[in-house]
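A look at the structure
Below are the chains, spelled out letter by letter.
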Amino acid sequence: MGIVVENVSKQFGSFKAVDQVSLEIKSGSLVALLGPSGSGKSTLLRLIAGLEMPDTGKIWLTGTDATYQSVQERNIGFVFQHYALFKHMTVRQNIAFGLDIRKTPKAKVTARVEELLDLIQLKGLGSRYPSQLSGGQRQRVALARSLAVQPKVLLLDEPFGALDAKVRKDLRAWLRRLHDEVHVTTVFVTHDQEEAMEVSDEIVVMNKGKVEQIGTPAQIYDHPATAFVMSFIGPVNVLPSTSRIFQGNGFDSAHPEMFLRPQDVVVETQPNGSSVPALISRLIHLGWEVQAELALEDGQVVTAHLTRERFDELKLFPQQRVYVKPKDAKSFPLYYSI
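Describing a nonpolar patch on the surface
A surface patch of nonpolar side chains, amounting to about 200 Å² of accessible area, comprises L51, V71 and F80. The residue L51 is located in the loop between α1 (41-49) and β4 (56-61) in this model.

See below:
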């Protein structure tokens, strides 16, 4: 057993940050808490860490009731967005800090630090100070410092949020490889859907203090449980269910809105079955794919994503008349805006 959160709530004044949340995180897994600002994901992480106490409910860590344990008793590693390294200490001293305050024998500290320097791919840089490292290197040192004491659980709060896009992407891949080596139960908070999809074993999608859905990246993307999940995970067209594009395609719905992924919009240059006419208002080249903005005759605007191969085959150009139809679409009883 890794982490069990049982009917946990937390309120700040009149604001309910976490509302009756229950979930189980398997031992050794890497799980993302994903949601927009104010969804409760960081508060839930702080509750697991012991930095906040729940108003109601229980938190279990590796089979032990940790609801009212102190941070120290929980044996948790915590990494913040802004590194929090000690500027006056070298990389080696930063990593050793937790071991030193536990009065770990010097030989064991030295061996553990060297092992971690190798693990985070900074061997030979142990004598440098944080100011002499790049942002990505500093974040790796922060992770190593948290891992040094061999925590039962590793918690990461927007760990790559302060870094530029390329460094973030590199560190995502590195974190996944690191986790596959150390297998410590890891929970990380992010508002970046791509980051959650790329790194995690499971995603917990949160909204307004509640859990909307828990599942693998594939389950969350392919089988969203709610309108919020579908609209938050990846791009989507939200159209009235009465739009002509859905007529004759088996997507009639009693619900007022339909959700259509851009890659599920089929574009042809000639009428094809139940396809409807549209005008290409804009083409955006995104490298490996092309985004087409299409104006339907009923006034609705639809975004379609085409592979470069398909785009070249169709020879599309702005203001061209084309014909479109949905390959797949979903509807939900209620729609919660982000």
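So that's the structure; there's more coming.
Points about unusual backbone geometry
In terms of backbone geometry, most residues other than glycine have negative phi values and most peptide bonds are trans. One non-glycine residue with positive phi stands out, namely N75, at about 50 degrees. With respect to the helices and strands, N75 occurs in the loop between α2 (71-74) and β6 (76-79).

Side note on the sheet that holds strand β1 (residues 3-12)
Pairing is antiparallel across the open sheet formed by four strands, whose spatial order is β2-β1-β4-β5. Two strands lie at the open edges of the sheet, namely β2 (15-25) and β5 (64-65), each paired on one side alone. Taken strand by strand, α1 contacts β1, β2 and β4, and its axis lies near 120 degrees from that of β1.

Digging into the nonpolar core
Formed by 44 residues in total, the largest nonpolar core has its most connected members in I95 and V141. In this structure, V141 is in contact with L85, V91, N94, I95, I120, L122 and L133, ignoring residues within four places of it in sequence.

Side note on the environment of L154
With respect to the helices and strands, L154 occurs in strand β7 (residues 153-157). Here L154 falls in the buried class, since its relative accessible area comes to 2%. In this structure the C-alpha to C-alpha distance between L154 and I76, which are 78 residues apart in sequence, comes to 5.9 Å. Setting aside its immediate chain neighbours within four residues, L154 contacts G77, V79, L143, S146, L147, V184, T185, T186 and V187.

Some points on the sheet that holds β7
Adjacent strands of a sheet pair through backbone hydrogen bonds, lying either parallel or antiparallel. In space, the six strands of this open sheet follow the order β6-β7-β8-β3-β9-β10, with mixed pairing throughout. Either end of the sheet is taken by a strand with one partner, and the two such strands are β6 and β10 (210-215). Going from strand to strand, the sheet's axes swing by 15 degrees on average, the running direction of each strand aside. Helix-sheet contacts for α1 involve β3 (30-34), β6, β7, β8 (185-190) and β9 (202-207), and the interaxial angle to β7 is about 150 degrees. Contacts from helix α5 (residues 135-148) reach β6 and β7 within the one sheet, and its direction differs from that of β6 by about 165 degrees.

Some words on the pairing of strand β14 (residues 276-285)
In this structure, β14 lies alongside strand β17 (residues 321-326), joined through four bridges in antiparallel fashion. For L279, the partnering residue across the bridge sits in β17 and is R321. Here β14 pairs with strand β15 (residues 289-296) via seven bridges, running antiparallel. Bridge pairing links L279 to A295 in β15. Hairpin connection, β14 to β15: the antiparallel pair is bridged by three residues, and G287 has positive phi, about 90 degrees.

Focus: the packing of aromatic side chains
Tallied over the entire structure, the rule returns three aromatic pairs. Each ring, one from F86 and one from F97, has its centre 4.7 Å from the other, and the planes form 50 degrees; the classification is tilted. Linking F86 in the loop between β6 and α3 (91-101) with F97 in helix α3, this pair joins segments that are 11 residues apart in sequence. Accessibility expressed as a relative area gives 26% for F86, which makes it partly exposed. Judged by its relative accessible area of 29%, F97 falls in the partly exposed class. Plain terms: the ring middles of F228 and F232 are 5.5 Å apart, the flat faces sit at 10 degrees to each other, and that makes the pair stacked.

Brief notes about helix α4 (residues 106-119)
The terminal C-alpha atoms of α4 lie 20 Å apart, and with 14 residues this matches the ideal 20 Å at 1.5 Å per residue to within 8%. Buried residues of α4: V109, R112, V113, L116, L117 and L119, and no others. Here the buried residues of α4 occupy an arc of 155 degrees about the axis, which is enough to place them on one side. Considering only its buried residues, α4 is in contact with α3, α5 and α6 (165-182). Directly after α4, the chain includes Q121, whose backbone phi takes a positive value near 60 degrees.

Cut-offs applied
- Residues numbered from 1 in each chain as written.
- Predicted model: local features only at pLDDT ≥ 70, side-chain atom pairs only at ≥ 80, totals over all residues.
- Heavy atoms only, no water.
- Patch = residues over 30% accessible without salt bridge, like charges linked within 9 Å, V, L, I, M, F, W, Y side chains within 5 Å.
- Areas by Shrake-Rupley, 256 points an atom, 1.4 Å probe, with all protein chains shown as cover.
- Salt bridge = Lys/Arg side-chain N within 4 Å of Asp/Glu carboxyl O.
- Helix = DSSP H or I, 4+ residues; strand = E, 2+ residues; numbered from the N terminus.
- Pairing = 2+ DSSP bridges.
- Contact = heavy atoms within 4.5 Å.
- Axes fitted to C-alpha atoms, helices over the stretch in contact; angles between N-to-C directions.
- Core = buried A, V, L, I, M, F, W, Y, C linked by side-chain atoms within 4.5 Å.
- Buried < 20%, exposed > 50% of the residue type's maximum accessible area, 1.4 Å probe, protein only.
- Phe/Tyr/Trp six-rings, centres within 6.5 Å; stacked < 30°, edge-to-face > 60°.
- Expected span 1.5 Å × (residues − 1).
- Arc of directions from axis to C-beta.

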